[in-house]
There are 2 protein chains.
Amino acid sequence: MVLNAVGREIPEEVAGRKLVPFAGAFKTLPCKRKAAPLIKHIGRDDRKLVPSLEEAIRRVGLKDGMTISFHHHLRNGDGVINLVVDTIASMGIKDLRLAQVALFPVHEPIIEHLKNGVITRIEGSINGPVGLYASAGKLKAPVVLRSHGGRTRAVEADDLHVDVAFVGAAMADDYGNCNGMYGPSAFGPISYSMIDALYADHVIVLTDNLVDYPATPLSIDQSRVDYVVEVDSIGDPKGIESGTTKITSSPTRLKIARYVIEVLRHSGLVKDGFSFQAGAGGISLAVVKYLGELLEEEDVIASFAMGGTTRFLVDILEKGRVKKILDAQAFDLASLDSLRNNPNHVEVSAYMYANPHTRGAIVNRVDTGFLGATEVDLDFNVNVNTHSDGMMLHGTGGHSDVAAGSKLTFITVPLYRGRLPIIVDKVTNVTTPGETIDVVVTDAGIAINPRRKDLMEKMEGTGLPIRSIEELYEEAISITGKPEKPEFTDDIIGIIEYRDGSTIDVIRKVKGYEYGG
Amino acid sequence: MVLNAVGREIPEEVAGRKLVPFAGAFKTLPCKRKAAPLIKHIGRDDRKLVPSLEEAIRRVGLKDGMTISFHHHLRNGDGVINLVVDTIASMGIKDLRLAQVALFPVHEPIIEHLKNGVITRIEGSINGPVGLYASAGKLKAPVVLRSHGGRTRAVEADDLHVDVAFVGAAMADDYGNCNGMYGPSAFGPISYSMIDALYADHVIVLTDNLVDYPATPLSIDQSRVDYVVEVDSIGDPKGIESGTTKITSSPTRLKIARYVIEVLRHSGLVKDGFSFQAGAGGISLAVVKYLGELLEEEDVIASFAMGGTTRFLVDILEKGRVKKILDAQAFDLASLDSLRNNPNHVEVSAYMYANPHTRGAIVNRVDTGFLGATEVDLDFNVNVNTHSDGMMLHGTGGHSDVAAGSKLTFITVPLYRGRLPIIVDKVTNVTTPGETIDVVVTDAGIAINPRRKDLMEKMEGTGLPIRSIEELYEEAISITGKPEKPEFTDDIIGIIEYRDGSTIDVIRKVKGYEYGG
C-alpha cells in the first residue's frame, strides 16, 4: 500500500494490474509511445456491408477474453450494447472485457451477461443498475473508472486495448463513413467513438439508417471501419434527454445557480473572449441560462462554449453571445438542428476535448466549468463515483478533466440531500482532487478553496455569503446529523483512474453488501 | 538486380535503402504496424504561439539529418517551403531530408540549398527546376517519388518518418486549430498535411491569418500541433491556378475529351450512382465539362466526384447532377466558395482519398478517372515522372492511386507532342502499371487494354475509332520518326515507389547530363 497525493491507500497491484499512485493533478506525464495497431488492407473489390451482426463478429474474429467497446451517445436510449452483447452471448463467446464509455439503466440486461460469464470485466462508466451489481464485487477484476479524457488517453497509450469497437451510427454508408447527426436515431456528435476507431484492431459500424455512399459529414470515415451492419434500431434517441434537460424548479438549486453567476460576475473572467464548459442536469442548465443573461447584461461576447449541448446553450449561440460551440455530446434533441446547420456549432472528438496527454485539450482553454458531486470534503476533494453508502453508481464523465483544465471550477451542490450531508469531512472516494476545485457553491453559502486567495479578495464587499468549507460542513451535519459511514472489506471492486493514468482512489466493497437483484 | 512485374531491373538496395520489387498492382500487402510516435503533453498553461519561425524550430529541436515535411496545396504560389528552408539554413542546420508532397517552379531557390548541403535528400514530388537539378544526380540519395496515397501509406508505416511537419494554414488560432479555407491566402482543403499532423514528431503551423480561438473548421486540430507562428504570407493563392484552370482550346485535345465521353457513354457505367475522379489541366477540364453535359443528356445523377476541384466540377454539383464532391485539393479559387458553404462539398484527407493500405480508400469507389501521361507504351504502362529525354520532371500525384482504384481508367494523351511520340514501344520509366489502365485515348484513336474484352465488346458498332495500341504506336512514329533514346549511366537518381511501397522503377541518370542552372 502507498499513500497517494490525496491521502488514499493504493495497493501496488490489483488483479494483475500495476497501479501508479496519483501524484498530483499535473505530475504524471506521458512516457510511452502511442498504440501501433496492425496496418490493414481492404481491397478494391472487398465489400464491408455484411448481412448480419453475427457475420460481422465472425469476420473480425472476436474470441474469448477480448475487449469490446461502445460509445454512450444514446445514453439511456442506447440499443447497441444490449444487442451486441446478446448476439455475442448467443454465439458462445465469453470472458469479454466491456470497454464502453458508459452504461445507463437501460443496460440492466447486461447484468445477466455478467452472471453468465459473457462479460467478466468492465472498464468504463457504470451508471445505475450495473453499478449496483458490480458493487458486490462479483467481477473477475475491479471496474476501471476513467474520465472522458482519461479514457482517450488510455486507448492511445494502449493501456486500454480495444479488440473490436462497435459504433452505433445514426447515418452510415456501406463503406463505413458515418455520423450521429442524421436519421431516425440521430443523437448528435459521435465524438466518443473517434478514438476507438483510430486504435481498435477492428471496427464495426451498426446503423439503422444506411444511406448512399458517401455518407457525410464524415465524423468517422471509411478508412477506420472494417464492417457495416444494418440493424432495425440503434436505440431511442429520446433516452438522451432522460432527466437532463429540464431546468430545476427547486428554489434551493436555483439559488445555487444564482450564486455561481454572482461569483462569476465578480471574478473578472466574464469579458469578451470568455469561455465556459456547459453541462446538463438541473443546476447546470440553470447556470447556463443565467450565464446567457449575464453575458447580455455585461454586453460580453464569449469566444466559445464546450458542450454537453442543450437548447439553452444553443440559445446563447443564436443570440450572438457566444461565437462558437464545440460539441462532444448532445444532451437534448433540440440542439441537433444547430449542430447540423450552424457552422459555428462544431463537432469535436472526446480526445480533443479532454485528453491530458496530448498537444493541448479544449478543457485547457476553458475559463470556467460548473460540476456536480455526490460528496465534497474539507480538502475540496470531490466524489462523483460512489454514494456515501459506498455503492459504485456513477461514471466520472468529464469531471476531473474540466476541473483540471478550467481556470475557475465550481462544484454546485445542495448542502445536503435527504438526510445525507453532501459536504463531508472526508469523501468516500476521490474522483477529482481538491487542488483542481476552486469554489464549492451550496444553498447555504460559497466556499472558496484557500489556494485561491486572489478569488477570495475579489469576493470581498460583494455581499455574497462566502464561508469556509468547514463552516459549510458543520452546518450540514448540524442539520443531518453525522451519518454513520459504511464499513468496507479489503476487496477492491473499482479503480478510479485519474485522467493521467495514475490511481486516485480504489473503491472497496461495502461489508455485508450482496447484490439482491 | 531483380526483374519486377513490369519488367524493370530493380537493385536490391540503393543508398542503404532496401527495395521491394513491384509484384503487381494488388500483390504487396501491408505487414507492419502503424508508426507509434511518442505521446506528448502540453500543459494547461503552456502557450503554442511563438514569436518567430526560428524560435519554433529551436523549440522542436530540429537537428542535422532530420526530415521536414510540407503540403503542396498552394502549388506554384507556395511561400512556406522557401521561407522555412531559408530560415533553417540561416540557423546553420544542414543535411536535411525534404519530404514535401510536391515542389513547383516557385521552389527553384531550393536548388541553392541542395548545393550548399542544407537539403541533401528529397522524398517527394519535384516538378520543374528542382527536378532538372536532381536529374544530375547530385543528391546523397535518389529522390523517392510516391503517389499521393503511397505517401500517406509510407508515413503511417514509418517508411517515411517525419521529424518536423511544417503546415502552412490559411487560418489558424494560437492553439493550432487550422484550415485552408479562409483568409487572404485561402487555398481550400489542407488534406495532405493531415497524415503528417497525425504521425510527425513535431508539428509547426505557419499562418498569415491568426484568428481568435477556436479556428474552425477544424481541418487539423490543436491536439496535433506543437507550435504556431505568424508569418507575413504563406504564399500567393493565385499560384494554385497556374496553367490548370483553362479548358484546352486545341481541337486535337478537345477531340480526345469527346472520345472519353463517348467511351463512357457506351461503357454502361454512366447511370444513377455513377462516380468519377475529376482533375485539372486542359484535357481533364474539358472531360469534366462534357461529362456534366453527358449527365444532363442521360438524365443521370452521379453519387460523387472526387476532386481536384475546379469551377467546372462545382457547376455539376450546383446543377444537381452529382450529389457530393469529396475534395482533397482545390485547383482554382472559384471552387472555394462551394467548399466553404455547400455541405455536400466535403474536405477529405489524402489518406482517405488514396491510401492503398487502409480500410478502404475513396479511389476504390470511383467508377472512372481520366489521367494524363508523358508516355504510354505497348503494355499500357504509363510514365508521368520522366520525359523521353530521361529528365525527372514530374510528381506522380494521384495517378497510380486512381488507376488502381477506378473501374475504368482513361489515359488521355495526344499521339505526339512536337517531334516526340507519346505512344512509345517502352516507356522511359513506369509510374503506373498497364494492368491498371483500361483505355488510352488519343486524337488518332482509342486503344482498349486487351484485358478489357468486356469493354471492347461494348464499343462494337459505336463507330468510335477503336484501334490497337500497336497501331497507335506505328502511326505516332510514322509522323515523328523513331526518336533516339537517351543513354543512361548506372547511377540511380530516383526511385519510383508504387503506392504499396514496392519499387516499380528506378530512374537512372542520363549519360553526360550535367545541371547547367
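Now for a look at the structure at hand. (Residues numbered from 1 in each chain as written. Chains lettered and ligands numbered in written order. Predicted model: local features only at pLDDT ≥ 70, side-chain atom pairs only at ≥ 80, totals over all residues. Heavy atoms only, no water.)

1. Looking at the overall build of chain A
Secondary structure summary: chain A contains 14 helices and 32 strands in total. Since a compact globule built from 517 residues should have a radius of gyration of about 24 Å, the 22 Å found for chain A is in line with a globular shape. Based on the C-alpha atoms only, the size of chain A along its principal axes is roughly 75 × 55 × 40 Å. In chain A, which comprises 517 residues, the proportion classed as buried is 66%. Long-range contacts, defined here as pairs at least 24 residues apart, represent 73% of the contacts in chain A between residues at least 6 apart. Carbon together with sulfur atoms contributes 49% to the accessible area of chain A, which is approximately 17,200 Å² in total. Placing the 56 positive and 68 negative side-chain charges of chain A at their respective mean positions leaves the two points 3 Å apart. (Helix = DSSP H or I, 4+ residues; strand = E, 2+ residues; numbered from the N terminus. Rg over C-alpha atoms; globule rule 2.2 N^0.38 Å. Buried < 20%, exposed > 50% of the residue type's maximum accessible area, 1.4 Å probe, protein only. Contact = heavy atoms within 4.5 Å. Areas by Shrake-Rupley, 256 points an atom, 1.4 Å probe, with all protein chains shown as cover. Lys, Arg positive; Asp, Glu negative; His and termini not counted. Charge placed at Lys NZ, Arg CZ, Asp CG, Glu CD.)

2. Observations regarding the packing of helix 7 (residues 251-267) of chain A against helix 8 (residues 282-297) of chain A
Residue and element names in this part refer to chain A. At their nearest, the axes of helix 7 and helix 8 sit 9 Å apart, and the two run at 40° to each other. For the element pair helix 7 / helix 8, the angle class is oblique. At the point where helix 7 passes helix 8, the crossing takes the right-handed sense. Side by side, helix 7 and helix 8 meet where Arg253, Leu254, Ile256, Ala257, Arg258, Val260, Ile261, Leu264 and Arg265 of the first sit next to Ile283, Ala286, Val287, Tyr290, Leu291, Glu293, Leu294 and Glu297 of the second. (Axes fitted to C-alpha atoms, helices over the stretch in contact; angles between N-to-C directions. Parallel < 35°, antiparallel > 145°, perpendicular 65-115°, else oblique. Left-handed = near helix turned anticlockwise from the far one by under 90°.)

3. Here we look at helix 14 (residues 469-480) of chain B
Residues and elements named next belong to chain B. An ideal rise of 1.5 Å per residue puts 16 Å on 12 residues; helix 14 measures up with 16 Å between its terminal C-alpha atoms. Buried within helix 14 are the following residues: Ile469, Leu472, Tyr473, Ala476, Ile477 and Thr480. Seen from one end, helix 14 has its buried residues packed into an arc of 125°, which puts them on one side. Glycine 481 sits one or two positions beyond helix 14 and adopts a positive phi of about 80°. (Expected span 1.5 Å × (residues − 1). Arc of directions from axis to C-beta.)

4. A look at the relation of the copies chain B and chain A
The transformation that overlays chain B on chain A combines an axial shift of 0.0 Å with a rotation of 180°, and the residual RMSD is 0.0 Å. What we have between these two chains is a two-fold relation. Relative to the rotation axis, the closest C-alpha in chain B is found at B:Ala36, a distance of 2.6 Å. Mapped onto chain A, 100% of the interface residues of chain B again fall at the interface, so both copies present the same surface. (Least-squares fit on C-alpha atoms with pLDDT ≥ 70 in both.)

5. Section: the interface of chain B and chain A
Chain B puts 61 residues into the contact, and the matching count from chain A is 61 residues. Buried area between chain B and chain A, both sides added, is near 5,300 Å², and the carbon and sulfur share of it is 54%. Looking at the side of chain B facing chain A, the largest losses of area belong to B:Ile39, B:Arg44 and B:Arg359, adding up to 19% of the total buried there. Viewed at the interface, chain A and chain B are joined by six salt bridges. The closest approach of N and O atoms between B:Asp174 and A:Arg365, which form a salt bridge, is 2.9 Å. Taken together, chain B and chain A are joined by 39 residue pairs in polar contact (both at pLDDT 80 or more). Of all the secondary structure elements, the ones that give two or more residues to the side of chain B that touches chain A are strand 15 (202-207), strand 18 (302-309), strand 19 (322-330), strand 20 (345-347), helix 11 (350-354) and helix 12 (399-405) of chain B. In terms of residue count, strand 19 of chain B provides more of the side of chain B that touches chain A than any other element does, three residues in total. In the side of chain B that touches chain A, the residues fall into 29 nonpolar, 14 polar and 18 charged. (Buried area = accessible area lost by both parts, 1.4 Å probe. Salt bridge = Lys/Arg side-chain N within 4 Å of Asp/Glu carboxyl O. Polar contact = N/O pair within 3.5 Å; in protein donor to acceptor, adjacent residues only side chain to side chain. Nonpolar A, V, L, I, M, F, W, Y, C, P; charged D, E, K, R; others polar.)

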